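# Analysis of the macromolecular model
Listed below are the residues making up each chain.
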Amino acid sequence: TSQSSSCPIPYPERFHSACRYASSIPESHYNDETRLLFYALHKQATEGPCKDSKPWAWNIVESAKWQSWSQLNNMSQMEAMRLYVRTLDEEQVSSSSLSCSVHTMCQPFSVCNITCPQRLAAGAIECSNQ
């Protein structure tokens, strides 16, 4: 059973704790798709919907970041925080090479099956426990 609703750390503090933890993990641990998802969710959570101009197509990295963030459209900042935490939790659960100190904040977080910003934007989110 999920204990996420009984977590003593409220949002947005829980999100900020997850961000601090995520920043301590080597970037190479995550694939490009996951890094883009973290980027988009973080931007949505901290700044809201993307209002930046679309970068030039030749700038592949910036274009991918812009597309990932802009696909979240009008997702609320609170929802982006929750999905960031759940995605981090899912990544840690599937990892055998990292200690799961993020879990010590409130073990266990409920886990969502989120694989890419397109699935988020399409509403294809399967939460294990809401």
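Keep in mind that what you see is a predicted model, and the values were worked out from it rather than measured.

Summarising the model, the protein chain shows a mean pLDDT of 77, and 67% of its residues fall at 70 or more. Within the protein chain, strand 1 (residues 112-113) has the poorest average pLDDT of any element, 33, and helix 2 (residues 32-47) the best, 97. Here residues 96-130 is a poorly scored stretch, pLDDT under 50, and it has 86 contacts once near neighbours within four places are set aside; other chains count.

The next thing to look at is the packing of helix 2 against helix 4 (residues 77-93). Where helix 2 meets helix 4, the axes come as close as 7 Å, and the angle between the chain directions of the two elements is 150°. When the axis of helix 2 is compared with that of helix 4, the two are roughly antiparallel. In the packing of helix 2 onto helix 4, the handedness of the crossing is left-handed. Side by side, helix 2 and helix 4 meet where Thr34, Leu37, Phe38, Leu41, His42, Gln44, Ala45, Thr46 and Glu47 of the first sit next to Gln77, Ala80, Met81, Leu83, Tyr84, Thr87, Leu88 and Glu91 of the second.

Let us now look at the packing of aromatic side chains. Taken as a whole and assessed by the stated rule, the structure comprises three aromatic pairs. Here the aromatic rings of Tyr30 and Phe38 are separated by 5.2 Å at their centres, their planes lie at 70°, and the arrangement is edge-to-face. Ring geometry for Phe38 versus Tyr84: centroids 5.1 Å apart, planes at 55°, classification tilted. Residue Phe38 is found in helix 2, and its partner Tyr84 is found in helix 4; the two are separated by 46 residues along the sequence. The pair Phe38 / Tyr84 is uniform in exposure class, with both members buried. Every member of this aromatic cluster is reached through a ring pair, and the members are Phe15, Tyr30, Phe38 and Tyr84. Against the face of Tyr39 rests Lys65, its NZ or CZ located 5.1 Å from the ring centre.

Let us look at the layout of surface pockets. In this structure, the largest pocket spans a volume of roughly 450 Å³. Residue lining of the largest pocket: 17 residues in total, with Glu27, Arg35, Leu36, Tyr39 and Lys65 positioned closest to the centre. At the level of elements, helix 1 (13-23), helix 2 and helix 3 (60-70) are the ones that each hand at least two residues to the lining of the largest pocket. Element by element, the count of residues in the lining of the largest pocket is highest for helix 2, at six residues. Looking at side-chain class alone, the lining of the largest pocket contains eleven nonpolar, two polar and four charged residues.

Cut-offs used in this document
Residues numbered from 1 in each chain as written. Predicted model: local features only at pLDDT ≥ 70, side-chain atom pairs only at ≥ 80, totals over all residues. Heavy atoms only, no water. pLDDT = per-residue confidence, 0-100. Helix = DSSP H or I, 4+ residues; strand = E, 2+ residues; numbered from the N terminus. Contact = heavy atoms within 4.5 Å. Axes fitted to C-alpha atoms, helices over the stretch in contact; angles between N-to-C directions. Parallel < 35°, antiparallel > 145°, perpendicular 65-115°, else oblique. Left-handed = near helix turned anticlockwise from the far one by under 90°. Phe/Tyr/Trp six-rings, centres within 6.5 Å; stacked < 30°, edge-to-face > 60°. Buried < 20%, exposed > 50% of the residue type's maximum accessible area, 1.4 Å probe, protein only. Lys NZ or Arg CZ within 6 Å of the ring centre and 35° of its normal. 1 Å grid on protein atoms, 1.4 Å probe; cavity = no way out; pocket = protein on both sides within 12 Å on 5 of 7 lines; lining within 4 Å. Points joined across faces, edges and corners; volume = space filled by probe spheres on them. Nonpolar A, V, L, I, M, F, W, Y, C, P; charged D, E, K, R; others polar.

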